[in-house]
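Each chain is listed here by its residues.
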Amino acid sequence: MRRLIPALVLACACACSAQPVDTGSNDRELAALERQVFQLVNNERTWRRLSALQWDERLTEEARRQARNMAERGFFSHVDPIRGDLPDRLKRAKIPWTHCAENLLQEQGYEDPARFAVLSWMKSPGHRKNILFKEVTRAGVGAARRADGTLFIAEVFTHP
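Residues numbered from 1 in each chain as written. Predicted model: local features only at pLDDT ≥ 70, side-chain atom pairs only at ≥ 80, totals over all residues. Heavy atoms only, no water.

## Examining the overall build of the chain
And step 1. Of the regular secondary structure elements, the chain holds five helices and five strands.
And step 2. From first element to last, N terminus to C terminus, the chain shows the α and β order β-α-β-α-α-β-α-α-β-β.
And step 3. About 8000 Å² of surface is accessible on the chain, with carbon and sulfur atoms providing 53% of the total. (Helix = DSSP H or I, 4+ residues; strand = E, 2+ residues; numbered from the N terminus. Areas by Shrake-Rupley, 256 points an atom, 1.4 Å probe, with all protein chains shown as cover.)

## Some points on the nonpolar core
And step 1. Ranked by internal contacts, the top residues of the largest apolar core, which has 25 residues, are Val 37, Val 41, Trp 121, Ile 153 and Phe 157.
And step 2. Listing elements by their share of this core, those giving two or more residues are helix H1 (27-47), strand E3 (99-107), helix H4 (113-123), helix H5 (125-132), strand E4 (138-145) and strand E5 (151-159).
And step 3. A per-element tally of this core places H1 first, with six residues.
And step 4. Counting residues in each nonpolar core, the second largest holds 17 residues, with Ala 67, Phe 76, Ala 154 and Val 156 among its members. (Core = buried A, V, L, I, M, F, W, Y, C linked by side-chain atoms within 4.5 Å. Buried < 20%, exposed > 50% of the residue type's maximum accessible area, 1.4 Å probe, protein only.)

## Brief notes about the packing of aromatic side chains
And step 1. Within this structure, the stated rule accounts for three aromatic pairs.
And step 2. Ring plane angle 90° and centroid distance 5.0 Å describe the contact between Phe 38 and Trp 55, whose orientation is recorded as edge-to-face. Highlighted residues: Phe 38 in helix H1 and Trp 55 in strand E2 (residues 54-55), separated in sequence by 17 residues.
And step 3. Assessed through its relative accessible area of 19%, Trp 55 is described here as buried.
And step 4. Above the plane of the ring of Trp 55 lies Arg 35, whose end atom (NZ or CZ) is 3.8 Å from the centre. (Phe/Tyr/Trp six-rings, centres within 6.5 Å; stacked < 30°, edge-to-face > 60°. Lys NZ or Arg CZ within 6 Å of the ring centre and 35° of its normal.)

## Let's talk about the pattern of salt bridges
And step 1. Evaluated as defined, the whole model comprises 12 salt bridges.
And step 2. Measuring nitrogen to oxygen at the nearest pair gives 2.9 Å for the salt bridge that ties Glu 61 to Arg 64. Residue Glu 61 and its partner Arg 64 are both found in helix H2 (residues 57-73); the two are separated by three residues, about one turn of the helix.
And step 3. Two residues, Arg 89 and Glu 62, come together in a salt bridge whose shortest N-O distance is 3.6 Å. (Salt bridge = Lys/Arg side-chain N within 4 Å of Asp/Glu carboxyl O.)

## Describing H2
Since the α-helix advances by 3.6 residues per turn, residues separated by three or four positions end up pointing in the same direction.
And step 1. Its 17 residues place the ends of H2 24 Å apart at the C-alpha level, agreeing with the 24 Å of an ideal helix rising 1.5 Å per residue.
And step 2. For H2, every residue scored as buried is listed here: Leu 59, Thr 60, Glu 62, Ala 63, Arg 64, Gln 66, Ala 67, Asn 69, Met 70 and Ala 71.
And step 3. Sitting at the amino-terminal end of H2 is Asp 56, which places a side-chain oxygen 2.9 Å from the backbone nitrogen of Arg 58.
And step 4. Gly 74, located one to two residues past H2, shows a positive phi value of around 70°. (Expected span 1.5 Å × (residues − 1). Polar contact = N/O pair within 3.5 Å; in protein donor to acceptor, adjacent residues only side chain to side chain.)

## A look at unusual backbone geometry
And step 1. Notably, Arg 49 is not glycine yet its phi reads approximately 65°, a positive angle.
And step 2. Take Arg 49: it is sitting in the loop between H1 and E2.
And step 3. Backbone geometry at Lys 94 places phi at a positive 60°, although glycine is not the residue there.
And step 4. Counting through the fold element by element, Lys 94 comes out in the loop between helix H3 (86-92) and E3.

Shown next, in the form of structure tokens:
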């Protein structure tokens, strides 16, 4: 039986409108941010004696698609108006799962966005549950930045 773990959205949905993505964003900078978010999430898990998550490149690609789509198409939601909800997106990407969850963040102007993301998620019951859910074993993180500096982060969790 497949089980989707619900998560709360950290901010309200934005009006759907095309937004310019910051093409000057350094891919290395975003990749480093993604790894930092992943490590901070694992720190929360291991501090509570839960097993660390394994980095999954396919989940990372899916998380990056979600972050880019939110940034480009001007929405903030677990349901992509074109690609659907997380189970639909994982199915389309041919990623197997028995448990899945997703945490999202939209922010602008924080000096340490990775720490802000994880601290915010840990204060939110739904996001915290996703991070500390012992059944998930893999995760991927994606980030995208709009030209106005708004940052979108998505983390996808699964158990195959």
